[in-house]
Amino acid sequence: MFLLAAKGLNGLLDVNPGLVVWTLVTFGIVILVLKKFAWDVILKALDERAETIQNDIRKAADVRSEAEALLKDYETKIAGARDQANGIVAEAKTDATSVRNKMLEDASKEVKQMKDGAIKDIELAKSKALAELQEQIVGMTVQVAGLVLEKQLKSDDYKSFIENELVKIKKLSA
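Rules behind the numbers
- Residues numbered from 1 in each chain as written.
- Predicted model: local features only at pLDDT ≥ 70, side-chain atom pairs only at ≥ 80, totals over all residues.
- Heavy atoms only, no water.
- Helix = DSSP H or I, 4+ residues; strand = E, 2+ residues; numbered from the N terminus.
- Buried < 20%, exposed > 50% of the residue type's maximum accessible area, 1.4 Å probe, protein only.
- Areas by Shrake-Rupley, 256 points an atom, 1.4 Å probe, with all protein chains shown as cover.
- UniProt positions renumbered as here; feature names shortened; annotations may be inferred.
- Patch = residues over 30% accessible without salt bridge, like charges linked within 9 Å, V, L, I, M, F, W, Y side chains within 5 Å.
- Salt bridge = Lys/Arg side-chain N within 4 Å of Asp/Glu carboxyl O.

Draft legend 1. A look at the overall build of the chain. Within the chain one finds three helices and zero strands. Starting at the N terminus and walking to the C terminus, you meet the elements of the chain as α-α-α. Across the 174 residues of the chain, 1% fall into the buried class. Of the roughly 16400 Å² that the chain leaves accessible, carbon and sulfur atoms contribute 65%.

Spelled out as structure tokens, the structure:
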């Protein structure tokens, strides 16, 4: 551009005093018209916008403080719930331990009762077996005695047999 102005062509940087005056007059008229009709409206719109922004900032601060209060409240509730849950877990562990101990105690009592019952059953069976054995021995003794004494003894024979046996018993005990 400077090269064009230097060659004598009308350039944008050439100052024309008449044009400057009319430009200033036109600018002043535009300012006066704007001041008279639009300036108050523009300022009012800007003031309203500033007030709206200030209200929004205040509302945001209020909402933020309310949110912080709610957050603290929820954190307190969560901590309480956590403590309550820990208490419930501890109580459940205690209950489980006591139930386990009671079950073990009941089981050991039941085992002891079963053992005692089995011992009684064994003793009863042993007594029964001994009684049956004695009965069998008596029966066998009677059979053996019957075989030995195949002949019928007369009353004198019985008497002499008993006397002989008593003598043998006296000899054994002496």
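Draft legend 2. Structural detail: the UniProt feature "transmembrane region" (unreviewed entry) in the chain. If you check UniProt for "transmembrane region" (unreviewed entry), the listed places come out as residues 20-39 in our numbering. Annotated as residues 20-39, this span is 100% helix and 0% strand, and its ends, taken at the C-alpha atoms, are 25 Å apart.

Draft legend 3. Representation of a nonpolar patch on the surface in the model. Together, Val21, Trp22, Val25, Ile29, Val33 and Phe37 make up an exposed nonpolar region whose accessible area comes to about 640 Å². Positionally, Val33 belongs in helix α2 (residues 17-148). Note on Val33: relative accessible area 43%, which makes it partly exposed.

Draft legend 4. Representation of the pattern of salt bridges in the model. Tallying each qualifying case throughout the model produces five salt bridges. Of the charged contacts, one joins Glu68 and Arg64 as a salt bridge, the two residues approaching to 3.1 Å between their closest N and O atoms. Here the residue Glu68 and the residue Arg64 both occupy positions in helix α2, the gap between them amounting to four residues, near one helical turn. Note that Asp106 is salt-bridged to Lys102, the shortest N-O span being 3.4 Å. A residue pair is termed a helical-turn pair when its members lie 3 or 4 positions apart in one helix, as Asp106 and Lys102 do in helix α2 at four residues. Taking relative accessible area as the criterion, Asp106 reaches 36% and is therefore assigned partly exposed.

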